[in-house]
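# Structural features, examined
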Amino acid sequence: MISEPGESGAMRYVLFDVDGTLIDAVDNQRLVWQTWAERYGLDPDEVYRVALRTRPMETFAQVAPDRDAQKCLAELHELEDEDVRTGTYAAFDGASELLNALRPGAWALVTSNYEHRVRGRFARTGLPVPEVLVDAAAVEEGKPSPVPYLQAAARLGAQPEDCLVVEDTPSGVQSGLRAGMTVWGVNTPAAVDGVHRHFDTLHEAVRDILAFVSGPHPQRLEGSTTVR
């Protein structure tokens, strides 16, 4: 198990996004939105394009302004819950190795999804669930607000400067940066603007993430550094 105090004496922590970072759910998300769009006679590609950059209620306001937003949300949740039960997806390479190497209490999940779906997906992919999981229902302000990551740090008893955020989206990266944390990007072909380090894949980041929580406190980098 990894995560003992570094030379500075401060414990270090890792806060992970879930979808796109630990779990490969892109195809699932696209299919859910496609099915939802078809129910309303909308262009699935356009709906998904909007959904990628907005939260569900904002998506509905743009693509179906004349529809009952609460009904739209209920149907979307129904489709997402069904996907957890029957969809095909997997953990990214390196996720199991990484999470099982981290000491309980030294890491958390911070997701815009809901806890029951995360637990369902983790159970199906064999990933361990940490003691702290901050989901969409736990905060009034979601990413890119710093609130989700700050709440996770508080629940772990951690200071923001002792936390590493691992993310794959611009909104998640901004959330971590605004929380005053070190932010590394994974699973994207190019670095997301603002990340302190970038890895093409999660697997390539495993060794460095484990080193972060076990070694002396690193000096944060300005801007992005591409790691290959």
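The rules we used
Residues numbered from 1 in each chain as written. Predicted model: local features only at pLDDT ≥ 70, side-chain atom pairs only at ≥ 80, totals over all residues. Heavy atoms only, no water. Helix = DSSP H or I, 4+ residues; strand = E, 2+ residues; numbered from the N terminus. Buried < 20%, exposed > 50% of the residue type's maximum accessible area, 1.4 Å probe, protein only. Contact = heavy atoms within 4.5 Å. Axes fitted to C-alpha atoms, helices over the stretch in contact; angles between N-to-C directions. Parallel < 35°, antiparallel > 145°, perpendicular 65-115°, else oblique. Left-handed = near helix turned anticlockwise from the far one by under 90°. Salt bridge = Lys/Arg side-chain N within 4 Å of Asp/Glu carboxyl O. Core = buried A, V, L, I, M, F, W, Y, C linked by side-chain atoms within 4.5 Å. Expected span 1.5 Å × (residues − 1). Bend = angle between axes of the 7 residues up to and from the residue. pLDDT = per-residue confidence, 0-100. Phe/Tyr/Trp six-rings, centres within 6.5 Å; stacked < 30°, edge-to-face > 60°.

## Brief notes about the environment of alanine 205
Residue position: alanine 205 is located in helix H9 (residues 202-214). The class of alanine 205 is buried, set by a relative accessible area of 0%. A sequence separation of 129 residues divides alanine 205 from leucine 76, and the C-alpha atoms of the two residues are 33 Å apart. Every residue in contact with alanine 205, bar those within four places of it in the chain, is listed here: Val186 and Phe199.

## So, the packing of helix H1 (residues 26-39) against helix H4 (residues 69-86)
Between H1 and H4, the least distance of the axes is 10 Å, while the angle of their chain directions is 140 degrees. Between H1 and H4, the angle falls in the class oblique. Our pair here, H1 against H4, has a crossing hand that is right-handed. Every residue of H4 that contacts H1 at Asn28, Val32, Trp33, Thr35, Trp36 and Arg39 is listed here: Cys72, Glu75, Leu76, Glu78, Leu79, Glu80 and Asp83.

## Quick word on the pattern of salt bridges
Scanning the entire structure with this criterion turns up 12 salt bridges. Its salt-bridge partner being glutamate 82, residue arginine 85 comes within 2.7 Å of it at the nearest N-O pair. In this pair, arginine 85 and glutamate 82 are both assigned in helix H4, three residues apart and thus about one turn of the helix distant. Overall, arginine 85 belongs to the exposed group, its relative accessible area being 54%. Among the salt bridges present, the one from aspartate 208 reaches arginine 197, with a minimum N-O distance of 3.0 Å. Within this pair, whereas aspartate 208 is found in helix H9, its partner arginine 197 is found in strand S8 (residues 197-199), the two being separated by 11 residues in sequence. Aspartate 208 sits in the buried class, given a relative accessible area of 18%. One network of salt bridges, in which partners are shared, links Asp17, Lys143 and Glu167.

## Observations regarding the nonpolar core
If you look at the biggest cluster of nonpolar residues, it comprises 31 residues, and the most contacted ones within it are Phe16, Leu109, Phe122 and Ile209. The element contributing the most residues to this core is H9, with seven residues. Beyond its immediate stretch of four places on either side in the chain, phenylalanine 16 contacts Leu22, Leu98, Leu99, Leu102, Trp107, Ala108, Leu109, Val110, Tyr149, Val166 and Ile209. If you look at the next biggest cluster of nonpolar residues, it comprises 20 residues, including Tyr13, Leu15, Val183 and Val195.

## Some points on H9
Taking 1.5 Å per residue as the helical rise, H9 with its 13 residues ought to reach 18 Å, and the 18 Å between its terminal C-alpha atoms agrees with that figure. In the structure, H9 departs most strongly from a straight axis at aspartate 208, where the bend amounts to approximately 25 degrees. Within H9, the full set of buried residues consists of Leu202, Ala205, Val206, Asp208, Ile209, Leu210, Phe212 and Val213. Among the structural elements, strand S1 (13-16), helix H5 (95-101), strand S6 (163-167), strand S7 (182-185) and S8 are those in contact with the buried residues of H9.

## Structural notes on the confidence of the model for the protein
Residues at a pLDDT of 70 or more form 90% of the protein, whose mean pLDDT is 90. Scored below 50 in pLDDT, residues 2-8 makes 23 contacts in the model with residues more than four places away or belonging to other chains. Across residues 219-228, confidence stays below pLDDT 50; counting only partners more than four residues off in sequence or on other chains, it has 26 contacts.

## Considering the packing of aromatic side chains
Enumeration according to the criterion identifies seven aromatic pairs in this entry. Ring geometry for phenylalanine 16 versus tryptophan 107: centroids 6.1 Å apart, planes at 80 degrees, classification edge-to-face. You can see phenylalanine 16 sitting in strand S1 and its partner tryptophan 107 sitting in strand S4 (residues 107-110), a full 91 residues away along the chain. For the pair phenylalanine 16 and tryptophan 107, a shared accessibility class is recorded, and that class is buried. Residues tryptophan 33 and phenylalanine 60 carry aromatic rings whose centres are separated by 6.0 Å and whose planes lie at 50 degrees to one another, so their mutual orientation is tilted. Remark: phenylalanine 60 occurs in helix H3 (residues 56-63) and tryptophan 33 occurs in helix H1; sequence separation between them is 27 residues. The exposure classification of tryptophan 33 matches that of phenylalanine 60, with both residues buried. Ring pairing ties together the aromatic residues Trp33, Trp36, Tyr40 and Phe60, which thus form one cluster.

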